[in-house]
Amino acid sequence: MALFTSALTLPVFNCYSSQESSIDVYPPNWWVGMHDSNVELMIYGDDIADDTVTIVNSDVVLREKHALESANYLFVTLDTSKAKAGDVKLRFVDTDGSTRDISYSLQKRRDGSALRKGFGPRDAIYLIAPDRFVNGDKDNDDVEGFIDKADRSLKGGRHGGDIEGIIQHLDYIEALGFTQLWSMPLLENAMDTYSYHGYSTTDYYQIDPRYGTNEDFLMLSRAANKRGIGVIMDMVLNHIGSNHKWMEDTPSNDWINNNSKFIGTTHKRESLHDPHAIKSDIKGFSDGWFVPTMPDLNQRNPHLANYLIQNAIWWVESANLSGIRVDTYSYPDKAFLSDWTNRLISEYPNLNIVGEEWSVNPAITAYWQAGSKRHDDYDSALPSVMDFPLQAAVIKALTNEESWNSGFISIYETLATDFLYGDPNNLVIFPDNHDMSRIYTQLGHDIEKWNMAMSLLLTTRGIPQVFYGTEILMQNEGSEDHGIIRSDFPGGWPSDSKKNAFTGEGLTTDERWAQQRIKQLLQLRKTHPLQFEGSLKHYAPTDGVYTFFREPISTPEGKKNSKVNAPTPNETRGDKIMVILNKEPVDIPLTTYDEMLSSHKTLTRVSDGKSYKTTDTISLPAMSATVYIAH
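Everything numeric here is computed off the predicted structure, so don't read it as measured data. (Residues numbered from 1 in each chain as written. Predicted model: local features only at pLDDT ≥ 70, side-chain atom pairs only at ≥ 80, totals over all residues. Heavy atoms only, no water.)

### Observations regarding the overall build of the protein chain
Check the secondary structure of the protein chain and you find 15 helices and 26 strands. What you see for the protein chain is a C-alpha radius of gyration of 26 Å, in line with the 25 Å of a compact globule of 631 residues. Along the first, second and third principal axes, the C-alpha atoms of the protein chain reach 90 × 60 × 55 Å. Relative to its 631 residues, the protein chain shows a buried fraction of 60%. Counting 59 positive and 86 negative side-chain charges, the protein chain places the averaged centre of each group 6 Å from the other. (Helix = DSSP H or I, 4+ residues; strand = E, 2+ residues; numbered from the N terminus. Rg over C-alpha atoms; globule rule 2.2 N^0.38 Å. Buried < 20%, exposed > 50% of the residue type's maximum accessible area, 1.4 Å probe, protein only. Lys, Arg positive; Asp, Glu negative; His and termini not counted. Charge placed at Lys NZ, Arg CZ, Asp CG, Glu CD.)

Right, here's the structure in full:
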């Protein structure tokens, strides 16, 4: 994992005018030396659509100019292929002869930006609901002009967590062993109520001031990178918040689906793949809105598509991102998704992007991953998908009794469908997330089942993501409300005097043990990265026992593999990771696993360092998850 630690600054866009009216430009700046040298500017200003545009004293070439239905938007495409870094002056001349000038900044790219290393199988991701993690700056709890004020008594209200709070506790995230940070969206959500979740964007280029500023987000990126932690940004391509200014002044008549009127989505994602589907079912899925306050964007409009593509590139370049998580991935226009991912990957070939496709059918989720075998010729460049099928299988395995067709067989059968995926080890796997009950609650508040789930998900194939608080058994007993699932992290507010997960004060014995167990498993991932980039081998479950191995990735002598990081001096290439999950007390002769252990002589149990010979018989208590290193 390569992280850039050079100084980052978000440019301040300056415009000036010979009239009183102002001009806004999106994106607010760009860079020379991009793979695609063209950038389309969305220009917003009073009655600007009929203006003549010229470039004053620059090597930038004006390629195209488009006006749509709104008199206040103009789309201007610049060719920067021969340009040098610096300011470009654009002059707008109205039909009445008046002029307005703006200065547009073209900047030099950071060294190595295009070849940044995205998150991968070596990593572990910590997912945060920023409003509910830590209140680091009480001065931004309420901001003038924003209706939704802070009130911790409201489960769906804003509680005051912010970017400063995350920065102040990066040491905790680092100490746990996480190497990537994914925050729920931080962009402006100027909604009247229920704005804390961040999925109702009202400005794609501004951090919500109740979280901080754009510069605060860059400070988070810098501080995280210094600790070896990458930053993954949560992006929403499908919809906006109903208070977005596009709803007052829409650039074109087709900017919002269904003539800007609410018609709910069917959520029938299968229609995109159904060989028997009718067109109205496909349209009902893709063009429908989630809720009346989330207008659905029409990405078939090429200018809107460009806007969303360039916005993603702008944030990767500006904030030095190591990855992107895309909300509700399959809901936007299908052809647009291909263009969006291909454009991102053409600019950043090693960037990782994970799409949320909430289906427990591996055939549906696999469809979107690059390299997968598909039922059509769709071109997907999406590197990763959230592995909802495995999450569901883990819950079924641990809540159902063992038999020939239930229990651990659910996990085995799900992993056996990995042949559908282009790269199963690049899937993002997880015990829970911000949209579902917490894993501890899903498993009936049984710490042994929790341990089995976490031990499996932090050692099996894929990139593990852990929701904040999972490490201290946070739960939502008696409520499926998202505001309860996303409860405040204990210790994140000055008034949290009785319980503090950062210091350990007030934690129960079980909560302390769980926190240490996560640290232990994540430390294993750090000391044995080649194994977690390597292959998974598993034995079919028998009598309530499921065993699997992680083998180190190997690269033939002299052959380069761009996806494999070079080993560090402390790495042991020959070690294997062995994991045994069992529901009943069992004695297991280790010779049972000769096929995997024949070249190894000893096993070391990770939990306490105890050693065994590979000829020994081991005794395991009921409901246990045991991890070994085979030497």
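### Topic: the sheet that holds strand 7 (residues 86–93)
To summarise the sheet geometry, strands pair through backbone hydrogen bonds and adopt either a parallel or an antiparallel arrangement. Reading across the sheet, the four strands line up as 2-8-7-4 and stay open at both edges, with mixed pairing between neighbours. Single-partner strands in this sheet number two, and they are strand 2 (29–31) and strand 4 (52–56). Geometrically, the sheet is characterised by an average inter-axis angle of 30 degrees between neighbouring strands, direction not taken into account. One ladder, built from five bridges, connects strand 4 with strand 7; its direction is antiparallel. Within the sheet, the bridge partner assigned to Thr 52 lies in strand 7 and is Val 93. (Pairing = 2+ DSSP bridges. Axes fitted to C-alpha atoms, helices over the stretch in contact; angles between N-to-C directions.)

### Details of a negative patch on the surface
Residues Asp 46, Asp 47, Asp 50 and Asp 96 make up a contiguous surface patch of negative charge. Checked against the element boundaries, Asp 46 lands in the loop between strand 3 (38–45) and strand 4. Its relative accessible area of 52% is what places Asp 46 among the exposed residues. (Patch = residues over 30% accessible without salt bridge, like charges linked within 9 Å, V, L, I, M, F, W, Y side chains within 5 Å. Areas by Shrake-Rupley, 256 points an atom, 1.4 Å probe, with all protein chains shown as cover. Salt bridge = Lys/Arg side-chain N within 4 Å of Asp/Glu carboxyl O.)

### Some words on the packing of helix 3 (residues 214–226) against helix 5 (residues 302–319)
The geometry of helix 3 relative to helix 5 is characterised by a closest axis approach of 10 Å and an angle of 60 degrees between their N-to-C directions. Our classification of the angle between helix 3 and helix 5 gives oblique. Packed against helix 3, whose contacting residues are Asn 214, Phe 217, Leu 218 and Ser 221, the element helix 5 presents Trp 314, Trp 315, Ser 318 and Ala 319 at the interface. Residues of the contact of helix 3 with helix 5, tallied by class, amount to five nonpolar, three polar and no charged. (Parallel < 35°, antiparallel > 145°, perpendicular 65-115°, else oblique. Contact = heavy atoms within 4.5 Å. Nonpolar A, V, L, I, M, F, W, Y, C, P; charged D, E, K, R; others polar.)

### Considering the pattern of salt bridges
For the coordinates displayed, the defined rule picks out 31 salt bridges. The residue Lys 155 makes a salt bridge to Asp 481 at a minimum N-O spacing of 3.6 Å. Here Asp 481 lies in the loop between strand 18 (463–467) and helix 12 (482–485) and Lys 155 lies in the loop between strand 9 (125–128) and helix 1 (163–168), a separation of 326 residues in the sequence. Here Asp 481 falls in the partly exposed class, since its relative accessible area comes to 25%.

### Digging into the side chain of Asn 433
Topologically, Asn 433 is positioned in the loop between strand 17 (428–429) and helix 10 (439–442). According to the relative accessible area criterion, Asn 433 is buried, its value standing at 2%. A distance of 2.8 Å separates the side chain of Asn 433 from the backbone nitrogen of Asp 435, its partner in a polar contact. Polar contacts involving the side chain of Asn 433 include one to the main-chain amide nitrogen of Met 436, which spans 3.4 Å. The residues contacting Asn 433, other than those within four sequence positions of it, are Leu 127, Phe 388, Gln 465, Phe 467 and Ile 485. (Polar contact = N/O pair within 3.5 Å; in protein donor to acceptor, adjacent residues only side chain to side chain.)

### Remarks on the nonpolar core
Considering soluble globular proteins, one finds that nonpolar side chains tend to be buried as a cluster. If you look at the biggest cluster of nonpolar residues, it comprises 161 residues, and the most contacted ones within it are Phe 217 and Trp 340. A per-element tally of this core places helix 5 first, with eleven residues. Those residues within four positions of Trp 340 in sequence are excluded, and the remaining contacts are Met 235, Leu 237, Leu 308, Ile 309, Ala 312, Ile 324, Val 326 and Ile 353. Among the nonpolar cores identified, the runner-up in size contains 15 residues, and Leu 590, Met 596, Leu 597 and Ile 618 belong to it. (Core = buried A, V, L, I, M, F, W, Y, C linked by side-chain atoms within 4.5 Å.)

### Quick notes on the pairing of strand 12 (residues 203–207)
Buried residues dominate strand 12, accounting for four of its five residues. Bridge analysis of strand 11 (residues 187–188) against strand 12 gives two bridges, and the strand direction is antiparallel. Bridge pairing in strand 12 places Glu 188 opposite Asp 203.

### Some details on the packing of aromatic side chains
In the structure shown here, the tally under the stated rule is 40 aromatic pairs. Each ring, one from Tyr 126 and one from Phe 178, has its centre 4.8 Å from the other, and the planes form 40 degrees; the classification is tilted. A residue pair is termed long-range when its members are at least 10 positions apart, and Tyr 126 in strand 9 and Phe 178 in the loop between helix 2 (170–176) and strand 10 (180–183) qualify at 52 residues. Each of the two residues, Tyr 126 as well as Phe 178, counts as buried. Here the aromatic rings of Tyr 194 and Tyr 196 are separated by 5.3 Å at their centres, their planes lie at 75 degrees, and the arrangement is edge-to-face. With relative accessibility at 1%, the residue Tyr 196 sits in the buried group. Linked through ring pairs, Tyr 26, Phe 75, Tyr 204, Tyr 205, Phe 217, Trp 246, Trp 255, Tyr 307, Trp 314 and Trp 315 together constitute an aromatic cluster. Here the guanidinium or amino end of Arg 132 rests over the ring plane of Tyr 196, the centre of that ring lying 4.0 Å away. The ring of Tyr 468 has Arg 438 lying over it, and the distance from NZ or CZ to the ring centre is 4.9 Å. (Phe/Tyr/Trp six-rings, centres within 6.5 Å; stacked < 30°, edge-to-face > 60°. Lys NZ or Arg CZ within 6 Å of the ring centre and 35° of its normal.)

### Concerning helix 13 (residues 509–527)
Between its terminal C-alpha atoms helix 13 stretches 27 Å, which fits the 27 Å expected from 19 residues at 1.5 Å a residue. Among all positions in helix 13, only Glu 511, Ala 514, Gln 515, Arg 517, Ile 518, Leu 521, Leu 522, Leu 524 and Arg 525 are buried. Where the residues of helix 13 are buried, they touch helix 2, helix 11 (447–457), strand 18, helix 14 (529–533), strand 21 (576–582) and strand 26 (624–630). (Expected span 1.5 Å × (residues − 1).)

### Side note on unusual backbone geometry
Glycine aside, residues mostly have negative phi, and peptide bonds are mostly found in the trans state. A cis geometry characterises the amide bond from Tyr 26 onward to Pro 27, with omega recorded as -5 degrees. Along the chain, Pro 27 turns up in the loop between strand 1 (23–26) and strand 2. Phi at Thr 328 takes a positive value of approximately 40 degrees, unusual for a residue other than glycine. If you trace the backbone, Thr 328 turns up in the loop between strand 14 (323–326) and helix 6 (334–347). Even without being a glycine, Asp 543 presents a positive backbone phi close to 50 degrees. Position of Asp 543 relative to the elements: it lies in the loop between strand 19 (535–542) and strand 20 (545–551).

Structural measurements only, silent on function.
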